[in-house]
Amino acid sequence: MVSRVIPVEAFDLVIFGGTGDLAGRKILPALFRRYCAGQLPEGSRILGAARADLDRAGYADFARAAIREHAPGRHCEDGSLEAFLKRLDYVAVDACGESGWAALAGRLAGGDRVRAFYFSVGPGLFGDLAQRLRRHGLAGADSRIVVEKPFGHDLESARALNATLAAQFDEGQIYRIDHYLGKETVQNLMAVRFGNMLFEPLWNSQYVDHIQITVAETVGVGGRGEYYDRAGAMRDMMQNHLMQLLCLIAMEPPAKFEPDEVRDEKVKVIKALDPVAPHHIVRGQYEAREGDAEAHPSYREAVDDPRSTTESYVALKAHVSNWRWAGTPFYLRTGKRLVARSSVINVVFKDAPHSIFGAEAGRHANVLSIRLQPNEGITLRVTIKEPGPGGMRLVDVPLDMSFAEALGPEGEDPPDAYERLIMDGIRGNQTLFMRGDEVEAAWAWTDPIIAGWQARGEAPKPYDSGSTGPRDADLLMERDGRKWRGINP
Ligand code: NAD
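Residues numbered from 1 in each chain as written. Predicted model: local features only at pLDDT ≥ 70, side-chain atom pairs only at ≥ 80, totals over all residues. Heavy atoms only, no water.

Focus on the domain arrangement of the protein
Phase 1 of the analysis: Split by domain assignment, the protein resolves into domain 1 (11-148) and domain 2 (181-414 + 437-478).
Phase 2 of the analysis: Between domain 1 and domain 2, the C-alpha centre-to-centre distance is 34 Å. (Domains from an automatic or database assignment.)

See the structure below:
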């Protein structure tokens, strides 16, 4: 099935931080793919803006190398890459000073059109950029800003950041990225829930035993050690990505698939979360891989702090205290240097209330697994009879749907989250972006958890690189008579 490309009018996109890691790995490759899909209309202007002293040709060289590395070209012939690069321009701009702004204004002169400013710089620069955009008359009613994570370090800093941006832009012009929301499967979660009659009647504590959300990474902190050691898994992953997945799983059906309708329902979920009891949280920190400590050093070596107590893993049991979910726990876990890269949501249904086949036939709970990566898709485990003679024995088998197989043109990857989010930003659709109050509500839930660790002086539990995480995380489940699923591919 060939995906439908919705045309957009010519637009301007300025990428502040256009020479950075994120621009090279995600933003420019995403724009190139959209170009290949016919979604960058003639006359659109894409400008990199950063500190480096580059000219147009120098920026094209940066973009060419980045796209060749991160979007190896099977979607476009090499000639198209060169045609795409001709669309790019570059201005050296200082976010904190006055240099470059007049030149930027000159490049953007003329053209009554949507103008998007992507803030792919550290959050410390958001306020400076927002002010200068206004002061130099670059942002009008049809302008929007796209801001990257992390959005704050805690509730207080998130509030301050919201206030800084709100001083220059309306909430309707602020697009806070959580790239998890741009993933195909995450939106499919809403399609599956609200486009089918099959699931929604069962989507509550009467039928759902519990829900597991796992976001496991095989990588360590890599080059992000300095940032990560100040953040940890709770701030870097749980407060945003896992929280967003929890919201989409737990929210009530919005009346319409419209930005504020969807976000209103998500905020209600976050506000319904109970505080998490200390014995319902496990923190972990990875050790070096045995026999391979050079390639896979311990967390503490990676961040160059032998006494660091920052967690690279967190697992917790959360409760959404509302009519629908009272009594159904949500188990969330995320960590680095785990056995496999896997993001999956498992909705584990209750056992059938009575087995007509007797205890010896066996019993299996239905599980709906929503895989975000790798191999995006959905699996429903259903119980059937084991084939062959010899009585009635039950087994559970997967009804499996891989999105790539079912929907993609042969050999083609589904669009990257950044492709969708950038184009939604251009179209002015905020549904998949976080609203200010949503981010603040998530911090309001997260802050006491982190404050509790600090007050108790708790150190994270060590776990082996390449494992499924600390043993205590298994115990968190086992104490409730349950077990984690889905980290192994
Ligand atoms: P980076 O350090 O690689 O790049 C920073 C960019 O900002 C460079 O282009 C630099 O020239 C520009 N810059 C810095 N100071 C400037 C100034 N005073 N004026 C103008 N430009 C200036 O950073 P990155 O990894 O690309 O991250 C950018 C943002 O995206 C950060 O907020 C980061 O937290 C976020 N983010 C990054 C990733 C990632 O994978 N790299 C993932 C998620 C979020």
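This is not the end of the story, as more comes after the structure.
Observations regarding the nonpolar core
Phase 1 of the analysis: Ranked by size, the top nonpolar core spans 139 residues in total, and within it Phe16 and Phe84 carry the most contacts.
Phase 2 of the analysis: Both domains that furnish three or more residues to this core are identified here as domain 1 (11-148) and domain 2 (181-414 + 437-478).
Phase 3 of the analysis: Excluding residues that lie within four positions of it along the chain, Phe16 makes contacts with Ala49, Val93, Trp101, Leu104, Phe117, Tyr118, Phe119, Ser120, Val121, Leu129 and Leu133. (Core = buried A, V, L, I, M, F, W, Y, C linked by side-chain atoms within 4.5 Å. Buried < 20%, exposed > 50% of the residue type's maximum accessible area, 1.4 Å probe, protein only. Contact = heavy atoms within 4.5 Å.)

Concerning unusual backbone geometry
Phase 1 of the analysis: Cis geometry marks the peptide bond from Lys149 to Pro150, where omega comes out at 0°.
Phase 2 of the analysis: Mapping Pro150 onto the fold places it in the loop between β5 (143-147) and α6 (155-166).
Phase 3 of the analysis: The step from Gln373 to Pro374 runs through a cis peptide bond, and the omega angle for that step is -10°.
Phase 4 of the analysis: A positive phi angle, close to 55°, is found at Arg337, a residue other than glycine.
Phase 5 of the analysis: The topology assignment puts Arg337 in the loop between β10 (329-335) and β11 (342-349).
Phase 6 of the analysis: Positive phi is not limited to glycine here, since Asn375 has a value of about 55°.
Phase 7 of the analysis: Here Asn375 shows up in the loop between β12 (367-373) and β13 (377-385).
Phase 8 of the analysis: On the accessibility criterion, Asn375 (46% relative accessible area) is partly exposed. (Helix = DSSP H or I, 4+ residues; strand = E, 2+ residues; numbered from the N terminus.)

Quick look at the packing of aromatic side chains
Phase 1 of the analysis: In total, this model carries 15 aromatic pairs according to the counting rule given.
Phase 2 of the analysis: Centroid distance Tyr35 to Phe84: 5.5 Å. Interplanar angle 50°. Geometry classified as tilted. With a gap of 49 residues between them, Tyr35 in helix α1 (residues 21-36) and Phe84 in helix α3 (residues 78-85) connect regions that are remote in the sequence. The burial state of Tyr35 is the same as that of Phe84; both residues are buried.
Phase 3 of the analysis: Arranged with centres 5.7 Å apart and planes meeting at 90°, the rings of Tyr286 and Tyr299 form a pair that is edge-to-face. Note that Tyr286 is positioned in strand β8 (residues 281-286) and Tyr299 in helix α10 (residues 299-302), a separation of 13 residues in sequence.
Phase 4 of the analysis: For Tyr286, a relative accessible area of 2% translates into the label buried.
Phase 5 of the analysis: In this structure Tyr299 comes out as buried when scored by relative accessible area, which is 0%.
Phase 6 of the analysis: By way of ring pairs, the aromatic residues Phe16, Trp101, Phe117, Phe119 and Phe126 are connected into one cluster. (Phe/Tyr/Trp six-rings, centres within 6.5 Å; stacked < 30°, edge-to-face > 60°.)

Some words on the packing of helix α8 (residues 225-250) against helix α13 (residues 436-456)
Two measures define how a pair of helices packs: the angle their axes make with one another and the distance between the axes.
Phase 1 of the analysis: Where α8 meets α13, the closest approach of the two axes is 10 Å, and the angle between their N-to-C directions is 135°. Judged by the angle between their axes, α8 and α13 are oblique. Every pair of crossing elements has a handedness; the one defined by α8 and α13 is right-handed. Residues Met234, Arg235, Met238, Gln239, Met243 and Gln244 of α8 pack against Glu438, Val439, Ala442, Trp443, Trp445, Thr446, Ile449, Ile450 and Trp453 of α13.
Phase 2 of the analysis: Class assignment for the residues of the contact of α8 with α13 results in ten nonpolar, three polar and two charged. (Axes fitted to C-alpha atoms, helices over the stretch in contact; angles between N-to-C directions. Parallel < 35°, antiparallel > 145°, perpendicular 65-115°, else oblique. Left-handed = near helix turned anticlockwise from the far one by under 90°. Nonpolar A, V, L, I, M, F, W, Y, C, P; charged D, E, K, R; others polar.)

Focus on the sheet that holds β11
Phase 1 of the analysis: The strand order across the open sheet built from nine strands is β14-β13-β12-β11-β7-β10-β9-β8-β15, with neighbouring strands paired in mixed fashion. The outermost strands of the open sheet, each flanked by one partner alone, are β14 (394-402) and β15 (461-463). Direction aside, the axes of adjacent strands within the sheet are offset by 20° on average.
Phase 2 of the analysis: The pairing of strand β7 (residues 208-216) with β11 spans eight bridges and is classified as antiparallel. Bridge assignment links Val215 to a residue of β11, and that residue is Ser343.
Phase 3 of the analysis: Contacting β7, β8, β9 (313-319), β10 and β15, helix α14 (residues 471-478) crosses the sheet at an angle of about 15° to β9. (Pairing = 2+ DSSP bridges.)

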